[in-house]
Amino acid sequence: MDNVPVIHIVARSTNGVIGKEGQLPWHLPKDLKFFKEKTMGHSMVMGRKTFEAFPSPLKGRMHLVVSKKVSPESLPENVKYFNSIQEAIDWAKENDNLVYVIGGGEIFNQTIDIATDLLITEVETIADGDVFYPSINLDRWELMQSEPQSADEKHPFNFAFNHYKRK
Ligand SMILES: NC(=O)c1ccc[n+]([C@@H]2O[C@H](COP(=O)([O-])OP(=O)(O)OC[C@H]3O[C@@H](n4cnc5c(N)ncnc54)[C@H](OP(=O)(O)O)[C@@H]3O)[C@@H](O)[C@H]2O)c1
């Protein structure tokens, strides 16, 4: 169980912004596709606010929602509530071969020290927002892969899919 990777998957701007007024600060269809491909069939640990930003639970993935509040009484079969991040991660490790941590800011901040991999979509813009990804020390993370993507009519910014692994 201790060998199970804990993977942050996040899109952040050059100035570290990941959220604005409860939503993503941008619409990048290729990034949504990347997120879907990576997380499909897996468990996703998330904060209650990130969960509530989805119009409905995402198909084909288990939502492990962290909240100090009492869990709602009836939940879809692919949603579970946990009172602590550790309980959610432990459940995922017991039931999956990897754990995706999908945010938001509070959950990324509290799990950056236990993450083994970071899948960061680096969005080349200075964004206006109210939720930030923690700054990462590049002495501790090795960039394994970078796939640059050019802006086009559907994507207002250049961005890159970067995979960092803990050294
Ligand atoms: N760009 C991206 O890749 C990305 C990814 C995800 C989210 N986001 C954005 O990030 C924003 C949301 O982030 P956020 O930081 O405001 O909220 P969040 O991390 O999604 O959720 C915060 C909530 O999680 C629960 N929580 C946090 N720490 C906990 C702990 N140790 N134990 C138990 N429960 C805990 C609390 O829920 P209760 O209040 O219920 O106790 C807290 O209010 C949105 O704008 C969203 O769109 C961006």
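The preceding data block contains the structure.
Residues numbered from 1 in each chain as written. Predicted model: local features only at pLDDT ≥ 70, side-chain atom pairs only at ≥ 80, totals over all residues. Heavy atoms only, no water.

**Student:** Please clarify how the nonpolar core should be interpreted in this entry.
**Tutor:** Soluble globular proteins: nonpolar side chains tend toward being buried together. Counting 25 residues, the largest nonpolar core has Val45, Leu64, Leu118, Ile120, Tyr133, Ile136 and Trp141 as the members making the most contacts within it. A per-element tally of this core places helix α3 (residues 85-95) first, with four residues. Contacts of tyrosine 133, omitting those with residues within four sequence positions, involve His8, Val10, Arg12, Gly16, Ile18, Phe108, Ile112, Leu118 and Ile120. Counting residues in hydrophobic clusters, the runner-up holds 22 residues, among them Ile7, Ile9, Leu119 and Ala127. (Core = buried A, V, L, I, M, F, W, Y, C linked by side-chain atoms within 4.5 Å. Buried < 20%, exposed > 50% of the residue type's maximum accessible area, 1.4 Å probe, protein only. Helix = DSSP H or I, 4+ residues; strand = E, 2+ residues; numbered from the N terminus. Contact = heavy atoms within 4.5 Å.)

**Student:** Explanation requested: the packing of aromatic side chains in the structure shown.
**Tutor:** Think of a pair of aromatic rings as described by two things: how far the centres are apart, and how the planes are tilted against each other in angle. Across all of its chains, the model carries four aromatic pairs by this definition. Ring centres 5.1 Å apart and planes at 70 degrees place the aromatic pair phenylalanine 108 and tyrosine 133 in the edge-to-face group. In this pair, phenylalanine 108 is assigned in helix α4 (residues 105-111) and tyrosine 133 in the loop between β8 (131-132) and β9 (141-149), connecting sequence segments 25 residues apart. A single burial state applies to phenylalanine 108 and to tyrosine 133, both of which are buried. Both rings, one in phenylalanine 159 and one in phenylalanine 161, keep their centres 5.6 Å apart while their planes meet at 85 degrees; by these two values the pair is edge-to-face. (Phe/Tyr/Trp six-rings, centres within 6.5 Å; stacked < 30°, edge-to-face > 60°.)

**Student:** What's the story with the site of the ligand in this structure? I'm lost.
**Tutor:** Inspection of the region around the ligand gives 26 residues, with Ala11, Arg48, Thr50, Ser67 and Lys68 positioned closest. For the ligand, a nitrogen atom lies 2.8 Å from a polar atom in the backbone of alanine 11. Elements represented by at least two residues in the shell around the ligand include exactly β1 (6-13), β2 (17-19), α2 (48-53) and α4. Among the elements that make up the shell around the ligand, the one with the highest residue count is α4 (four residues). Class assignment of the residues belonging to the shell around the ligand gives a composition of nine nonpolar, eleven polar and six charged. (Near = heavy atom within 4 Å. Polar contact = N/O pair within 3.5 Å; in protein donor to acceptor, adjacent residues only side chain to side chain. Nonpolar A, V, L, I, M, F, W, Y, C, P; charged D, E, K, R; others polar.)

**Student:** What is the right way to look at the pattern of salt bridges in this model?
**Tutor:** Oppositely charged side chains may form a pair once their charged atoms are brought near each other. All chains considered together, the criterion is met by six salt bridges. For glutamate 37, the salt bridge goes to lysine 33, with nearest N and O atoms at 3.4 Å. Here the residue glutamate 37 and the residue lysine 33 both occupy positions in helix α1 (residues 29-39), the gap between them amounting to four residues, near one helical turn. An identical accessibility class is assigned to glutamate 37 and lysine 33; each is exposed. The shortest N-O distance in the salt bridge between aspartate 117 and lysine 165 comes to 2.7 Å. In this pair, aspartate 117 sits in strand β7 (residues 117-123) while lysine 165 sits in strand β10 (residues 159-166), placing the two residues 48 residues apart along the sequence. Residue class for aspartate 117 comes out buried when judged on its relative accessible area of 5%. (Salt bridge = Lys/Arg side-chain N within 4 Å of Asp/Glu carboxyl O.)

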